[in-house]
Amino acid sequence: GQQLNQSPQSMFIQEGEDVSMNCTSSSIFNTWLWYKQEPGEGPVLLIALYKAGELTSNGRLTAQFGITRKDSFLNISASIPSDVGIYFCAGQLGGSQGNLIFGKGTKLSVKP
Amino acid sequence: EAGVTQSPTHLIKTRGQQATLRCSPISGHTSVYWYQQALGLGLQFLLWYDEGEERNRGNFPPRFSGRQFPNYSSELNVNALELEDSALYLCASSLNRYEQYFGPGTRLTVT
């Protein structure tokens, strides 16, 4: 089945630093989504990407849909303690498929 | 606007029993998705319901089933529970079949 390779698996950074994480796949996706999950909660949608090459921002977060449609990255600028959590990428093959395929997540820890 | 709600928050069952989990989507959303999040395995797709019909199913045995009601709420049933069914079960809803919004999940523990 399709798999998403998400890296890095975990990150330990200092408050104020920038963060970058990415996902790659052997499959072509029509949609890329980025989620954040905190302990005891469901994933929260951060950014949705629909077109190859698309670059979208949400506050300090910026994500891009790779030109090949097989990858995506998420950047967080000037990290703050509340950025702590697990970030997941998710890809969708097409609307008729419905389901999302998730990466295994990047666990972000921010030291004040 | 209220988000996706799920009940119960926690559920403890013994092996062989049945579990029923419930989900209410965001108002106006017609699609409901179920995912299993087991430790170390990430989120795995279970089922997708849209307009009352099952549209797609993940690689799970038939003892995982569900339905969607006319008000678009949904129920996930797990029969003949096994220890490895212990996980966080997440429900998501969508209006456009692309952006999926998740509820807080139901933590199922099978002993």
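What you see is a predicted model, and the numbers here were worked out from it, not measured in a lab.

### Remarks on the overall build of chain A
Logical step 1: The number of helices and strands found in chain A is zero helices and eleven strands.
Logical step 2: Relative to a compact globule of 112 residues, whose C-alpha radius of gyration would be 13 Å, chain A shows 13 Å and is just as compact.
Logical step 3: The C-alpha extent of chain A, read off along each of the three principal axes, is 45 × 30 × 20 Å.
Logical step 4: Per element, the accessible surface of chain A, about 5200 Å² overall, is 51% carbon and sulfur.

### Re the state of the cysteines
Logical step 1: Enumeration according to the criterion identifies two disulfides over all chains in this entry.
Logical step 2: Between the sulfur of Cys-23 of chain A and that of Cys-89 of chain A lies a disulfide, 1.7 Å long from S to S. Torsion about the S-S bond of the Cys-23 of chain A and Cys-89 of chain A cystine: about -85 degrees, corresponding to left-handed handedness. A residue pair is termed long-range when its members are at least 10 positions apart, and Cys-23 of chain A in strand E3 (residues 19-25) and Cys-89 of chain A in strand E9 (residues 85-92) qualify at 66 residues.
Logical step 3: By relative accessible area, which is 0% here, Cys-23 of chain A ends up buried.
Logical step 4: Owing to a relative accessible area of 0%, Cys-89 of chain A belongs among the buried residues under this scheme.
Logical step 5: In this model Cys-23 of chain B forms its disulfide with Cys-91 of chain B; the gap between the sulfur atoms is 1.8 Å. Handedness here is read from the sign of the S-S torsion; for Cys-23 of chain B and Cys-91 of chain B, about -60 degrees, the answer is left-handed. Taken together, the residues Cys-23 of chain B in strand E3 (residues 19-24) and Cys-91 of chain B in strand E9 (residues 87-94) connect sequence positions 68 residues apart.

### Some details on the packing of aromatic side chains
Residues and elements named next belong to chain B.
Logical step 1: Applying the stated rule across the entire model yields eleven aromatic pairs over all chains.
Logical step 2: Ring centres of Tyr-33 and Trp-48 lie 5.7 Å apart, and the angle between their planes is 10 degrees; on these two criteria the pair is classed as stacked. Of the two residues, Tyr-33 sits in strand E4 (residues 31-38) while Trp-48 sits in strand E5 (residues 42-50), which places them 15 residues apart along the sequence. With respect to burial, Tyr-33 and Trp-48 carry one shared label: buried.
Logical step 3: The interplanar angle of 65 degrees and the centroid separation of 5.8 Å between the aromatic rings of Tyr-35 and Phe-45 together place this pair among those described as edge-to-face. One end of the pair, Tyr-35, is in strand E4; the other, Phe-45, is in strand E5, and ten residues separate them in sequence. Per residue, the accessibility class of Tyr-35 equals that of Phe-45, and both read buried.

### A short note on the sheet that holds E3 of chain A
Each strand in a sheet pairs with another by means of backbone hydrogen bonds, the pair being arranged parallel or else antiparallel.
All names here are of chain A.
Logical step 1: One open sheet accounts for five strands, arranged E1-E3-E8-E7-E6; its pairing is antiparallel. Single-partner strands in this sheet number two, and they are strand E1 (4-7) and strand E6 (55-58). Mean inter-strand twist for the sheet, computed between neighbouring axes without regard to direction, equals 15 degrees.
Logical step 2: As judged from the four bridges shared by E1 and E3, these two strands associate in the antiparallel manner. Residue Asn-5 lies in a different strand from E3, and its bridge partner there is Thr-24.

### Observations concerning the pairing of strand E8 (residues 74-78) of chain B
All names here are of chain B.
Logical step 1: Extensive coverage of E8 is indicated by the burial of five of its five residues.
Logical step 2: Side chains Ser-74, Leu-76 and Val-78 of E8 all project onto a buried face; the interleaved residues Glu-75 and Asn-77 project onto the opposite face, where all are buried too.
Logical step 3: Sheet topology note: the E3/E8 ladder contains five bridges and is antiparallel. Within the sheet, the bridge partner assigned to Thr-20 lies in E8 and is Asn-77.

### Observations regarding the environment of Gln-64 of chain A
All names here are of chain A.
Logical step 1: As for its position among the elements, Gln-64 is in strand E7 (residues 61-65).
Logical step 2: For the pair Gln-64 and Leu-100, spaced 36 residues apart in the sequence, the C-alpha separation amounts to 18 Å.
Logical step 3: Those residues in contact with Gln-64, other than ones at most four positions away along the chain, are Leu-49, Gly-53, Glu-54, Leu-55, Asp-71, Ser-72 and Phe-73.

### Some thoughts on the interface of chain B and chain A
Logical step 1: If you look at the interface, chain B gives 20 residues, while chain A gives 21 residues.
Logical step 2: Of the roughly 1500 Å² buried at the junction of chain B and chain A (both faces included), carbon and sulfur atoms supply 56%.
Logical step 3: Put simply, the parts of the chain that give the side of chain B that touches chain A at least two residues each are E4, E5, E9 and strand E10 (101-102) of chain B.

Conventions adopted
- Residues numbered from 1 in each chain as written.
- Chains lettered and ligands numbered in written order.
- Predicted model: local features only at pLDDT ≥ 70, side-chain atom pairs only at ≥ 80, totals over all residues.
- Heavy atoms only, no water.
- Helix = DSSP H or I, 4+ residues; strand = E, 2+ residues; numbered from the N terminus.
- Rg over C-alpha atoms; globule rule 2.2 N^0.38 Å.
- Areas by Shrake-Rupley, 256 points an atom, 1.4 Å probe, with all protein chains shown as cover.
- Disulfide = S-S within 2.5 Å.
- Buried < 20%, exposed > 50% of the residue type's maximum accessible area, 1.4 Å probe, protein only.
- Phe/Tyr/Trp six-rings, centres within 6.5 Å; stacked < 30°, edge-to-face > 60°.
- Pairing = 2+ DSSP bridges.
- Axes fitted to C-alpha atoms, helices over the stretch in contact; angles between N-to-C directions.
- Contact = heavy atoms within 4.5 Å.
- Buried area = accessible area lost by both parts, 1.4 Å probe.

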